[in-house]
Every structure is written in C-alpha cells, then in structure tokens.
Amino acid sequence: MNPIAEQYIAGLEKSYAENQGKESWDHFEKIKHGAAEENIRKLKELYPDIPEALIDLLKYVDGTYWREYAGEKIAFYFLGSDMEEYPYYLLSSGEMIENRDLAAKYYKDYIEREYDEVDVDGKIASTVTDLKWLHFSDCMNNGGTSQLFIDFSPSEKGTKGQIVRFVHDPDELTVIAGSFEEYLNMLMDKGYDFINEEFLE
C-alpha cells in the first residue's frame, strides 16, 4: 500500500478511537470491502495519472457515501478539506466513473469566468474543452455545500494533479493542495479535525 495512504488510514482509525468512535470504526472495518478490479482498471483508463494513494484508499474501501456493504448502507466520514472541522465522504469507484463529466457540466460557467463575483483560482484552466477532473469526495451535506476534485488539466500556473475544492454560497473554486498526497498530509497535519464526537453521534 502507498505509505501515505497507509499512514492516513492508521491515523484516521486512531482519531475515531480518540473521539468515542471505536465501535463505529470496528463495525465499518467488519463490513466494508474494496473496489472491484474492473472499476480500478476503468478509473486508470479514464485517468492515467490517478494517484496510487487514491487507488489504495479505494482498494481499502469502495466509498463511504451511503454505500451498501453487507446489506447495510453506511455514511461514514473519511476525508476533510481546508475547511475547519468539516467532514467529507469518499466516493465509490463507480461514482467516480459515473461523475467524470460532472465538473464540465455543472461548473462550466465558473471555470470559463462568466461571473465576476465567483472566485476561481488562477491555477484552474479557463476552458472546459479539455477539462479532466476526478470527483472523489462530497461533503457531509450530500455534496451540496462542497465537493473535491483532482485536476489533471490545470492552467499554466497550476500543477497537474492539484486538488480543487468547490464550496457553495458564496460559490468558489479553490486549489487547496498541489497533489493528492499533499492533500492527505494536510488532513493529517490538521489532526483529522473533521472527526469529533459531535459529528459521530
């Protein structure tokens, strides 16, 4: 397993335990399973530069967003962002494949800078013509407030593989990390602040 992914999962388990979530984690561990090889193959075809750390997270658990495991649907907080103490779900490999055109469809006007009042990071390309974004996470509010993407088609100012965070009201598209591994390191450095007793109740 990718060392950053392995370190991230170990730290997440510890954070659950420290926030009275050990029972929840143990149940999650018991019923979850990884993504099907076919889906991993498909993701690699769609996104040849997909980070190994994300592949390994998917091999560990194939999504935590109202995902059915052993006949039970779970909604399990697995990720965060630069937004303090705000939890996110990991999407399944199937959702990542299905959502491959989501950014171009829903954020075209923003990406192409149609609205002056919408803040769009200069590291993000200004056309959806060759846009290649991998939608990998939705926030706790069913993704209505915030979504996370890996951007494989940045502007000249950006970095291939950078992490883009969309947030709603006020709407903005911001680069929050230069790579997926940098993003996981950020969450670890912040002490998994999105895991707390209040959200785990």
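It should be emphasised that the depicted structure is a prediction, and the values quoted were computed from it without experimental measurement. As a convention, each chain's residues are numbered from 1 in the sequence order in which they are written. With the structure being a predicted model, the display of local features is reserved for residues of pLDDT at least 70 and the display and counting of side-chain atom pairs for 80 or more, all residues being used for whole-chain, interface and lining totals. The side-chain numbers reported here are obtained from all heavy atoms of the structure, hydrogens and water having been left aside.

Q: What am I meant to see in the packing of helix H1 (residues 3-18) against helix H2 (residues 22-31) here?
A: Every axis corresponds to a line fitted to the C-alpha atoms, with the helix fit spanning only the stretch in contact, and the corresponding angles, defined between N-to-C directions, vary from 0 to 180 degrees. Counting from the N terminus, the helices are the DSSP runs of H or I reaching at least four residues and the strands are the DSSP runs of E reaching at least two. One can describe the packing of H1 onto H2 by two numbers: an axis separation of 7 Å at closest approach and a directional angle of 140°. Judged on the interaxial angle alone, H2 and H1 are oblique. Contact residues: Ile9, Leu12, Glu13, Tyr16 and Ala17 in H1; Lys22, Ser24 and Trp25 in H2. As a working rule, the residues Ala, Val, Leu, Ile, Met, Phe, Trp, Tyr, Cys and Pro are called nonpolar, Asp, Glu, Lys and Arg charged, and the rest polar, with Gly in that last group. Tallied by class, the residues present in the contact of H1 with H2 amount to five nonpolar, one polar and two charged. Any angle that is under 35 degrees is reported as roughly parallel, and any over 145 degrees as roughly antiparallel; angles of 65 to 115 degrees are reported as roughly perpendicular and all others as oblique. Contacts are assigned to residue pairs with any non-hydrogen atoms lying within 4.5 Å of each other.

Q: It is not clear to me how the pattern of salt bridges should be interpreted in this structure. Could you clarify?
A: Opposite charge on two side chains permits pairing when their charged atoms draw close. By salt bridge we mean one thing: a side-chain nitrogen of Lys or Arg within 4 Å of a carboxyl oxygen of Asp or Glu. Taken as a whole and judged by the stated rule, the model has eight salt bridges. A salt bridge links Glu18 to Lys14, with the nearest nitrogen and oxygen atoms 2.8 Å apart. Of this pair, Glu18 and Lys14 both sit in helix H1, four residues apart, which is roughly one turn of the helix. Where Asp193 meets Lys190, a salt bridge forms, and the shortest distance between an N and an O atom there is 3.3 Å. By relative accessible area, which is 29% here, Lys190 ends up partly exposed. Through salt bridges that share partners, Asp82, Arg165 and Glu172 make up one connected network. To sort residues, take the accessible area from a 1.4 Å probe on protein chains only and compare it with the maximum for the residue type: under 20% means buried, over 50% means exposed, and anything in between is partly exposed.

Q: What am I meant to see in unusual backbone geometry here?
A: Leaving glycine out, the prevailing phi sign among residues is negative, and the prevailing peptide bond configuration is trans. In this chain, Asp169 is followed by Pro170 through a cis amide linkage whose omega measures 0°. Within the secondary structure, Pro170 sits in the loop between strand E7 (162-167) and strand E8 (172-177). Positioned with a positive phi, Ala70 is a non-glycine residue whose angle comes to about 50°. In this fold, Ala70 is placed in the loop between strand E1 (65-69) and strand E2 (72-75). According to the relative accessible area criterion, Ala70 is exposed, its value standing at 70%. At Glu85, a position not held by glycine, the phi torsion is positive, near 55°. With respect to the element layout, Glu85 can be found in the loop between E2 and strand E3 (88-90).

Q: Looking at this model, I keep getting lost on helix H8 (residues 180-189). Mind explaining?
A: Within H8, burial applies to Phe180, Tyr183, Leu184, Met186, Leu187 and Met188. Those residues of H8 that are buried are in contact with H1, helix H4 (52-60), strand E5 (133-139), strand E6 (146-151), E7 and E8. Downstream of H8 by one or two residues, Gly191 has phi in the positive range, about 70°.

Q: Where do I start with the sheet that holds E8 in this structure?
A: Hydrogen bonding along the main chain pairs the strands of a sheet, whether they run parallel or antiparallel. Read from one edge of the open sheet, six strands run E3-E5-E6-E7-E8-E4, paired in mixed fashion. The sheet is open, and its two borders are formed by E3 and strand E4 (119-120), each paired with just one other strand. Where E3 and E5 come together, three bridges link them in antiparallel fashion. Residue Tyr89 lies in a different strand from E5, and its bridge partner there is Asp138. Each of E3, E5 and E6 touches H4; the most contacted strand, E3, lies at about 80° to it. Packed onto the sheet, H8 meets E5, E6, E7 and E8 and runs at close to 85° relative to E8. Should DSSP find at least two bridges between two strands, the strands are regarded as paired.

Limitation: the analysis is restricted to geometry and does not speak to function.
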